[in-house]
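Observations on the three-dimensional arrangement
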Amino acid sequence: PKALVIRGDAFALPDIIKEYLDAPPAAIVSGLPLFNFPMARRIGLVDNAMAELAPGGSFIQFSYHFLPPVRREAGRFDLRGTRRVWWNVFPARVWVYTPLAVRNCS
């Protein structure tokens, strides 16, 4: 009941969040066909999502591709994927990107 669904340009994520939300989102869900875009644009989208999320939040991406649209990169974010859902037409996966926890190095 507390979910807010916003339809908009995922590549304009920071502007959309500023316009519609008073606080960082707990989750961002995307069904955008990211493999249709250059890698630099995909990475930018995930980076923007990581910067906008509330602590403990996730960027959730649905994909029909076997590989993640943006691979895990050391030091940037964590990535988990579901098994392929064969009952879905076409078989799909869900990728969950989460910001890395800030470590206290003192």
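Remember, it's a predicted structure, so these values are computed and weren't measured experimentally.

**Overview of helix α1 (residues 13–20)**
Residues that lie three or four places apart on an α-helix share one face, since the helix turns once every 3.6 residues. Considered for burial, the residues of α1 that qualify are Leu13, Ile16 and Ile17. Along α1, the residues classed as buried sweep out an arc of 100° about the axis, all on the same side. With respect to the buried face of α1, the exposed residues turned more than 90 degrees away are Asp15, Lys18 and Glu19. Turning to α1, the residues buried within the fold contact β1 (27–30) and α2 (39–52).

**Some points on the layout of surface pockets**
Its volume calculated, the largest pocket comes out at about 550 Å³. Surrounding the largest pocket, 21 residues form its lining, Leu4, Ile6, Ala27, Ile28 and Val29 being those nearest its centre. Of all the elements in the fold, those that place two or more residues in the lining of the largest pocket are α1 and β1. Here the lining of the largest pocket takes 4 residues from β1, the largest share from any one element. Its boundaries defined by the atoms lining it, the second largest pocket holds a volume of some 170 Å³. Taken together, 13 residues make up the lining of the second largest pocket; nearest its centre are Leu32, Pro33, Phe62, Ser63 and Tyr64. Of the residues belonging to the lining of the second largest pocket, the class tally is 8 nonpolar, 5 polar and no charged.

**Quick notes on α2**
Counted at 1.5 Å a residue, the expected span for α2 with its 14 residues is 20 Å, and the 20 Å between its end C-alpha atoms agrees. Arg42, Ile43, Leu45, Val46, Ala49, Met50 and Glu52 are the residues of α2 that are buried. Those residues of α2 hidden inside the fold are in contact with α1, β1, β2 (58–63), β3 (77–81) and β4 (93–99).

**Digging into the packing of α1 against α2**
Where α1 meets α2, the closest approach of the two axes is 9 Å, and the angle between their N-to-C directions is 30°. Here α2 runs roughly parallel to α1, going by the angle between their axes. Mapping the contact onto sequence places Leu13, Pro14 and Ile17 in α1 and Asn48, Ala49 and Glu52 in α2. Grouping the constituent residues of the contact of α1 with α2 by class yields 4 nonpolar, 1 polar and 1 charged.

Definitions and cut-offs
- Residues numbered from 1 in each chain as written.
- Predicted model: local features only at pLDDT ≥ 70, side-chain atom pairs only at ≥ 80, totals over all residues.
- Heavy atoms only, no water.
- Buried < 20%, exposed > 50% of the residue type's maximum accessible area, 1.4 Å probe, protein only.
- Helix = DSSP H or I, 4+ residues; strand = E, 2+ residues; numbered from the N terminus.
- Arc of directions from axis to C-beta.
- Contact = heavy atoms within 4.5 Å.
- 1 Å grid on protein atoms, 1.4 Å probe; cavity = no way out; pocket = protein on both sides within 12 Å on 5 of 7 lines; lining within 4 Å.
- Points joined across faces, edges and corners; volume = space filled by probe spheres on them.
- Nonpolar A, V, L, I, M, F, W, Y, C, P; charged D, E, K, R; others polar.
- Expected span 1.5 Å × (residues − 1).
- Axes fitted to C-alpha atoms, helices over the stretch in contact; angles between N-to-C directions.
- Parallel < 35°, antiparallel > 145°, perpendicular 65-115°, else oblique.

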